Structures are given as C-alpha cells and as structure tokens.
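A structural walkthrough
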Amino acid sequence: MHAFEYPGKDPRFNESSYEGFEQVQKLVDVDGGLGVTLNLITSKYPHIKGVNFDLTHVIQHAPPYPEDLSDDNVDFNEVLSKLRRSRGHKVEWEFEADMLAAFGKDPELCMKGICALYRKQTADEKIGKFTYYSNQQGFSHCDALRGSILAKFLTEGDPQGDVKKSVEELREYDPKAPELCRTLATHYSKQLFAIYKSKEDPLFLLS
C-alpha cells in the first residue's frame, strides 16, 4: 500500500469533524498528497472548490474523486510565495544565482525588480520614458519604454513608490506582462543584485 493511501484506509483518520469551513469557497491543500484529507473536507462541504497541490510524482498516483481537484487558473508559484511571506519565511540571497532562482518562482518579486529599476531612472528619463544609460542605472535604451510603462502601471504612477498591483491585476492588464517582468528582471539581475546587496533601495529588500 502506498504511504499516502493509508489515511483513506484507516477509519481513525476519518473521525475528524473538520469544522470551520462553512465560509471557505476555495481550499488549496499544499503538500496534499493523494488528496485524501481534501476529499474528506470537500465531501462534507460540497460548495468548496478543492485544489490539491503537491509534487508531480505524488499527484500522478492520486485516485479520481467526484469533483475535479485541479485548477489550471491557480498560479502555484504565487501561492507558495504568499505562503512563505505569510509565515515570515526569510531568505537571504548570498549570490546572484539565489536571486535568479527566486525570480523563477516568484512573479511578484520580478514586479518589485522592475519598480526598483524604474526608481534608478532620472526624473527626465521617467517623464520621457527613455534613458541615457551612461551611468549604467535603470533600463537600457532598448527597454526604457516598456519598462517604464510597466513600472508606472505597477506603482500607479508613483515614481518612487512600491508595487501596488497584484500578479492577477497585472495579468488582466496584459497577459504577457508577468513573463515580461521576469525576463527584464533576469536581464538586469546584476544591477538588481547590486541594489539588494547595497541595501540602497528599502523597497527591494527581502522581508
């Protein structure tokens, strides 16, 4: 018997009352295994949309349930990043590669990177959405226009402000924008890592 199947076979695991889910509309079970616990909850509360989130090699052994427990619209990297922040999980970047790995997992972090680059632009560059790039700060000439447009949307026009939009709001604004943020943040990783290490931008520090 697979280890993840045992809770479904032993009735002692079914004795929990699972109270307090009356107001829940969507429930994501991170490290949910084969979805046994999630199925018990959604069986008692059929109005809940359950999402079982686990590694691929675990999910592929999950048995079918009456309700579809997958959701293609869920951005699991976003879910994980929010969970890490809500638990006070602090990660220090020792190397640029650490930051690049974080960019690949956390779209909101990439958005913060775009805004950090935008804050390095001069006042004239922000107004004209161009760059001199002679000081190697902010966006290059090729990226100044699209980077500035993205940053103005994310900060709601505040040239020194933090991100005020969610990943979903950015996706609604432009479905390709989250990936563009990741591309630009990765491209300017050396500059962003220098900003992070120097602690010169309080809005681009890990918390």
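Above this note sits the structure.
The present account deals with the structure reproduced in this document. (Residues numbered from 1 in each chain as written. Predicted model: local features only at pLDDT ≥ 70, side-chain atom pairs only at ≥ 80, totals over all residues. Heavy atoms only, no water.)

**Topic: the overall build of the protein chain**
Helix and strand counts for the protein chain stand at 11 helices and 2 strands. Ordered by position from the N terminus, the helices and strands of the protein chain form the series α-β-α-β-α-α-α-α-α-α-α-α-α. Counting the 207 residues in the protein chain, one finds 38% classified as buried. (Helix = DSSP H or I, 4+ residues; strand = E, 2+ residues; numbered from the N terminus. Buried < 20%, exposed > 50% of the residue type's maximum accessible area, 1.4 Å probe, protein only.)

**Here's the deal with a nonpolar patch on the surface**
Together, Leu-145, Ile-149 and Tyr-173 make up an exposed nonpolar region whose accessible area comes to about 280 Å². Mapped onto the elements of the fold, Ile-149 is located in helix α8 (residues 144–154). (Patch = residues over 30% accessible without salt bridge, like charges linked within 9 Å, V, L, I, M, F, W, Y side chains within 5 Å. Areas by Shrake-Rupley, 256 points an atom, 1.4 Å probe, with all protein chains shown as cover. Salt bridge = Lys/Arg side-chain N within 4 Å of Asp/Glu carboxyl O.)

**Description of the packing of helix α6 (residues 107–119) against helix α10 (residues 177–187)**
Where α6 contacts α10, the two axes come as close as 8 Å, and the packing angle between them is 60 degrees. By the angle between their axes, α6 is oblique relative to α10. At the point where α6 passes α10, the crossing takes the left-handed sense. In this structure, α6 contributes Pro-107, Cys-110, Met-111 and Ile-114 to the contact, and α10 contributes Cys-181, Arg-182, Leu-184 and Ala-185. Here the residues of the contact of α6 with α10 are counted per class, giving 7 nonpolar, no polar and 1 charged. (Axes fitted to C-alpha atoms, helices over the stretch in contact; angles between N-to-C directions. Parallel < 35°, antiparallel > 145°, perpendicular 65-115°, else oblique. Left-handed = near helix turned anticlockwise from the far one by under 90°. Contact = heavy atoms within 4.5 Å. Nonpolar A, V, L, I, M, F, W, Y, C, P; charged D, E, K, R; others polar.)

**Notes on unusual backbone geometry**
Even without glycine at this site, Glu-156 takes up a positive phi of about 55 degrees. A positive phi angle, near 60 degrees, is found at Lys-199, a position not held by glycine. As for its placement among the helices and strands, Lys-199 is situated in the segment after α11 (189–198). Note on Lys-199: relative accessible area 59%, which makes it exposed.

**Topic: the pattern of salt bridges**
The full count for this structure, using the stated rule, is 9 salt bridges. Among the salt bridges present, the one from Lys-165 reaches Glu-156, with a minimum N-O distance of 3.4 Å. Judged by relative accessible area, which is 22%, Lys-165 ranks as partly exposed. A salt bridge links Glu-168 to Arg-171; the nearest nitrogen and oxygen atoms lie 3.2 Å apart. With Glu-168 and Arg-171 both in helix α9 (residues 167–173) and 3 residues apart, this pair spans about one turn of that helix.

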